[in-house]
Amino acid sequence: PFCGNRFEFRAVGSSQNCCFPVMVCNAIMSAGMAHMAGLIEGGMSHRDAVAQVFKENKHVIFTGNGYSAEWPVEAEKRGLPNLNTTP
C-alpha cells in the first residue's frame with residue numbers, strides 16, 4: 001500500500017498474488033541497470049557511471065522520517081510531489 005510518502009510491501013493473503021508489484025520493481029531496476037550499462041559501454045568507468053547516476057538521482061533520496069512534518073517541507077523544496085491521499 002501507499003503509506004503517505006512511500007510504498008510498503010506487506011505479506012499478501014493466501015488467495016492473493018504479489019507477482020505484479022514484484023514485476024514492476026524488477027522492471028524499474030532493469031531500466032536503471034540498462035541506463036548504467038549504456039554509460040559503461042559508452043566508455044565511462046564503473047566508478048564514474050555510478051557517481052553520475054547518483055548525482056542525477058540524489059534529489060529523491062530522503063533518509064529522514066517520511067511521516068514527520070519535516071518531509072512535506074523537504075519534498076516541496078526539492079520539487080517532488082507529495083501525495084497525501086490516494087484514490
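Look up: the structure comes first, before these words.
Presented here is a report on the structure given in the accompanying data block. (Residues numbered from 1 in each chain as written. Predicted model: local features only at pLDDT ≥ 70, side-chain atom pairs only at ≥ 80, totals over all residues. Heavy atoms only, no water.)

### Quick look at a nonpolar patch on the surface
On the surface, a cluster of nonpolar side chains totalling about 400 Å² of accessible area is made up of Phe20, Met23, Val24 and Ile28. Here Val24 shows up in helix H1 (residues 19–41). Given a relative accessible area of 31%, Val24 falls into the partly exposed group. (Patch = residues over 30% accessible without salt bridge, like charges linked within 9 Å, V, L, I, M, F, W, Y side chains within 5 Å. Areas by Shrake-Rupley, 256 points an atom, 1.4 Å probe, with all protein chains shown as cover. Salt bridge = Lys/Arg side-chain N within 4 Å of Asp/Glu carboxyl O. Helix = DSSP H or I, 4+ residues; strand = E, 2+ residues; numbered from the N terminus. Buried < 20%, exposed > 50% of the residue type's maximum accessible area, 1.4 Å probe, protein only.)

### Some remarks on the packing of aromatic side chains
Within this structure, the stated rule accounts for one aromatic pair. Here Phe62 and Trp71 contribute two aromatic rings whose centre-to-centre distance is 4.6 Å and whose plane-to-plane angle is 45°, an arrangement assigned as tilted. Residue classification places Trp71 among the buried residues on the basis of a relative accessible area of 8%. (Phe/Tyr/Trp six-rings, centres within 6.5 Å; stacked < 30°, edge-to-face > 60°.)

### Quick look at the pattern of salt bridges
For the structure shown, the criterion picks out three salt bridges. Between Asp48 and Arg47 there is a salt bridge whose closest N-O contact spans 3.5 Å. The class for Asp48 is partly exposed, based on a relative accessible area of 39%. The network of salt bridges with common partners includes Glu74, Lys77 and Arg78.

### Brief notes about the packing of H1 against helix H2 (residues 46–57)
The N-to-C vectors of H1 and H2 enclose an angle of 135°; their axes lie 9 Å apart at closest approach. Accordingly, the angle class assigned to the pair H1 and H2 is oblique. Of the two possible hands of crossing, H1 and H2 adopt the one that is right-handed. Of H2, the residues touching H1 (which contributes His35, Met36, Leu39 and Ile40) are His46, Ala49, Val50, Gln52, Val53 and Glu56. (Axes fitted to C-alpha atoms, helices over the stretch in contact; angles between N-to-C directions. Parallel < 35°, antiparallel > 145°, perpendicular 65-115°, else oblique. Left-handed = near helix turned anticlockwise from the far one by under 90°. Contact = heavy atoms within 4.5 Å.)

### Overview of H1
Look at H1: 31 Å from first C-alpha to last across 23 residues, which is about the 33 Å you get at 1.5 Å a residue. Positive backbone phi, approximately 110°, marks Gly43, located one or two places after H1. (Expected span 1.5 Å × (residues − 1).)

### Here's the deal with the environment of Pro72
Looking at where Pro72 falls in the secondary structure, it is placed in helix H3 (residues 70–78). Note: C-alpha distance between Pro72 and Asn84 (12 residues apart in sequence) is 9.3 Å.

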